[in-house]
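# Survey of secondary and tertiary structure
This is what each chain is made of:
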Amino acid sequence: MSLFSRLFTKETEKEAITIVHLGRVQADGGRCVQCGVCGYNCPVGIDVRSYARQGLSVDDPACITCGQCIQVCPRGTLRWERMVIDEA
Amino acid sequence: MKHNGTAVAAHHAQAALHYVIVGNGAAGVTAAETIRAHDARSRMTIVTAEPSLMYSRPGLAYVITGEIPPRQVIARRAEWYEQLRLDVVHSAAEALDVSARRIYLANGSFLTYDKLLIATGARATPPPYPDASLKGVVYLDTLTGTKQLIQQARRGRRAVVVGGGITALEMVEGLIHQKVETHYFLRGKQLWNRVFNDTESALLDEQMQAHGVHIHYQTEAQEILPSRWGRKVRAARLPDGSEFRCDIFGVAIGVKPLLDLVQDTPVQLDRGILVNEFMETSVPDVFAAGDCAQAYDPWTRQHTLDILWPSAVAEGRVAGLSMVGARQPMQKGTPFNVCKLFGLHVTIIGQINPRSSANDEPEVVQHLSRGSSETWFSRAAHHTSAWSSAGSNTLRLVMDEERLVGALLIGEQTLADPLRTLIQAQADISAIRPALLAGGDELRTELLRFWHAYQKQVEQ
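A brief report on the enclosed structure follows. Because the structure is predicted, anything quoted here is derived from the model rather than measured.

At the junction of the two partners, chain B supplies 27 residues and chain A supplies 15 residues. Taking both sides of the interface into account, the surface hidden between chain B and chain A amounts to around 1700 Å²; carbon and sulfur atoms contribute 45%. Run the count over chain B and chain A and you get three salt bridges. Across the pair Asp-417 of chain B and Arg-31 of chain A runs a salt bridge whose closest N-O atoms are separated by 3.0 Å. Within the residue set of the side of chain B that touches chain A, elements represented by two or more residues are α8 (309-323), β22 (336-341) and α11 (416-424) of chain B. When residues of the side of chain B that touches chain A are assigned to their parent elements, the largest contribution, four residues, is made by β22 of chain B. Per-class residue counts for the side of chain B that touches chain A are 15 nonpolar, five polar and seven charged.

Moving on: the packing of helix α2 (residues 26-38) of chain B against α8 of chain B. Residue and element names in this part refer to chain B. Where α2 meets α8, the axes come as close as 7 Å, and the angle between the chain directions of the two elements is 35 degrees. In the crossing of α2 with α8, the sense of the turn from one axis to the other is right-handed. Taken together, the residues of α8 that come into contact with α2 (itself represented by Ala-26, Ala-27, Thr-30, Ala-31, Thr-34, Ile-35 and His-38) are Trp-309, Ala-312, Val-313, Gly-316, Arg-317, Gly-320, Leu-321 and Met-323. Taken together, the residues of the contact of α2 with α8 break down into nine nonpolar, five polar and one charged.

Residues and elements named next belong to chain B. Spatial strand order, β22-β23-β26-β25-β24: five strands in an open sheet with antiparallel pairing. With partners counted over all chains shown, the strands left at the sheet margins are β22 and β24 (384-390), one partner each. Taking the axes of each pair of neighbouring strands and ignoring which way they run, one obtains an average angle of 10 degrees across the sheet. Two elements, β22 and strand β23 (residues 344-350), share six bridges in a ladder whose sense is antiparallel. Following the sheet pairing, Phe-336 is matched in β23 by Ile-349. Its contacts with the sheet put helix α13 (residues 440-459) on β24 and β25 (393-399), and the angle it makes with β25 is roughly 70 degrees.

Time to look at the nonpolar core. Residue and element names in this part refer to chain B. With 112 residues, the main nonpolar core has Ile-103, Ile-118, Tyr-184, Trp-192 and Met-208 as its most contacted residues. When residues in this core are grouped by element, the largest group, seven residues, is from helix α6 (residues 166-177). Among the nonpolar cores identified, the runner-up in size contains 24 residues, and Ile-349, Ala-386, Met-399 and Ala-416 belong to it.

Let's shift gears to the sheet that holds strand β7 (residues 115-118) of chain B. All names here are of chain B. Pairing within the open sheet is parallel, and its five strands lie in the order β3-β2-β1-β7-β19. On the outer flanks of this sheet lie β3 (86-90) and β19 (286-288), each paired with one strand and no other. Neighbouring strand axes in the sheet, compared pairwise and without regard to direction, differ in orientation by 20 degrees on average. Sheet strands in contact with α8 are β1 (18-22), β7 and β19, and its direction is about 170 degrees off that of β7.

Attention now moves to the pattern of salt bridges. Evaluated as defined, the whole model comprises 24 salt bridges over all chains. Asp-28 of chain A is the salt-bridge partner of Arg-31 of chain A, the closest N and O atoms lying 3.7 Å from each other. With a relative accessible area of 25%, Asp-28 of chain A lands in the partly exposed category. Here Arg-449 of chain B makes a salt bridge to Glu-446 of chain B, at a shortest N to O gap of 2.9 Å. Of the two residues, Arg-449 of chain B and Glu-446 of chain B both sit in helix α13, three residues apart, roughly one turn of that helix. Exposure remark for Arg-449 of chain B: the relative accessible area of 53% places this residue in the exposed category. One continuous salt-bridge network, built from bridges that share partners, spans Asp-28 and Arg-31 of chain A together with Asp-417 and Arg-420 of chain B.

It is worth spelling out unusual backbone geometry at this point. Residues and elements named next belong to chain B. Unlike most non-glycine residues, Arg-101 shows phi in positive territory, near 55 degrees. Within the secondary structure, Arg-101 is located in the loop between β4 (93-97) and β5 (102-105). Of the residues examined, Arg-101 reaches a relative accessible area of 29% and is grouped as partly exposed. Phi at Gln-426 is positive, roughly 50 degrees, even though this residue is not glycine. As for its position among the elements, Gln-426 is in the loop between α11 and α12 (433-438). Given a relative accessible area of 45%, Gln-426 falls into the partly exposed group.

Reading guide: rules and limits
Residues numbered from 1 in each chain as written. Chains lettered and ligands numbered in written order. Predicted model: local features only at pLDDT ≥ 70, side-chain atom pairs only at ≥ 80, totals over all residues. Heavy atoms only, no water. Contact = heavy atoms within 4.5 Å. Buried area = accessible area lost by both parts, 1.4 Å probe. Salt bridge = Lys/Arg side-chain N within 4 Å of Asp/Glu carboxyl O. Helix = DSSP H or I, 4+ residues; strand = E, 2+ residues; numbered from the N terminus. Nonpolar A, V, L, I, M, F, W, Y, C, P; charged D, E, K, R; others polar. Axes fitted to C-alpha atoms, helices over the stretch in contact; angles between N-to-C directions. Left-handed = near helix turned anticlockwise from the far one by under 90°. Pairing = 2+ DSSP bridges. Core = buried A, V, L, I, M, F, W, Y, C linked by side-chain atoms within 4.5 Å. Buried < 20%, exposed > 50% of the residue type's maximum accessible area, 1.4 Å probe, protein only.

Worth remembering: the numbers are spatial, not functional.
Here it is in structure tokens:
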């Protein structure tokens, strides 16, 4: 693979991740079985499981809100929660 | 770990205790976390017969399907134990002396406890064949067993899996992923027959066949036959005497609570360790939680076994609170499980036993597998079911005159959380009952409409 095509592939992979702003990943702790599929798929390496098992929202500043963890969770533990912006 | 300041201060006045927890699973670890949140000072020791730190047992299914590597199921790192000041002893607890308050370990030592939690869990029931320990006989109940299964699958060509529950199905899916020709033997005429009805079974059957699974209904293995040197699996013997060649024999015929430690002690047992709603056993200062505990269930008004992860977590928490003297009764939620089988999302809530014949008493313990609750199969009179299905999406409701008692969803999951809430809250559905009974699209539409109205009413 040439350097050019490697760069191109990488670029495509990056584009495949849609970043959604103004929201966060919220967990239903009762559904979580602590399998770790979420954290394994996190592109920035957040230990999503530690939030999910406690039913917390993923408040890690490194979270790029890509939603990968939501998609891969086999138990439907994670969901997207829009952040309400206080206009005042 | 956040500590509750007041509770910690109150406990400082007391003498430091030694909390001993046998079992490093969901219940044991949750209890430890709960104890430390209330008691910053006391000593805590967790005893485990397994070599690894705490891991997710449901996660093992995703290890064999290749979604995660084995190390990823480890749900607590060494630093977590250090932070909690929780000592880990990797040795089997072999004997319990309640009068001396001691447990004796396989490594020759003993531990003296002030409060003891038994959270030993459950293990796969071995098959009733003489050669069940041959190389190639595999289980999906421990991390070690799962690693062995993967190792065998790398070398193996043809597998037979026996067992009628979710674990057997997960094992079949894993073996297919490992590119092993997989033959699934079933006693009955349908898949997961304690849970599924004909249509649900047919839907999964279709998916499994599409993935290349060979399903053999009404087929039983009678014996596992060894290779010439007597060490490995060579074949399974069928009832007609013929041999079915295989080098892997997967067993998932149910689980049994691990009770060895409490046999021949004053701790009262039934099929599991009997506990009240505070997870207290019949012996003072001895508690039990998780898969090994048979806890009182207000739903069925019986002591029931739950082999569900969330139940183990909830029981571990209640046990921890009781152990520090902050007793709170267990509020057992509606049994709930979600799984993904061959790409199909399946959610089970409450009581869903589709059987209607009064003579058809389920042998619950024999068939109870990891990821199931006895409550699913408990019999309640006069239950009616309603049904809606469209393609690979099905919805089955089980209800009495006024409320929903259970639901099973395959595919489309929009209604899963609303149904869980409505079942748990025992919401009065009598107004929409005829529409639900009508089934089809109307059932889904009415249920959604009812849910939105219910939410508004609750908010007010």
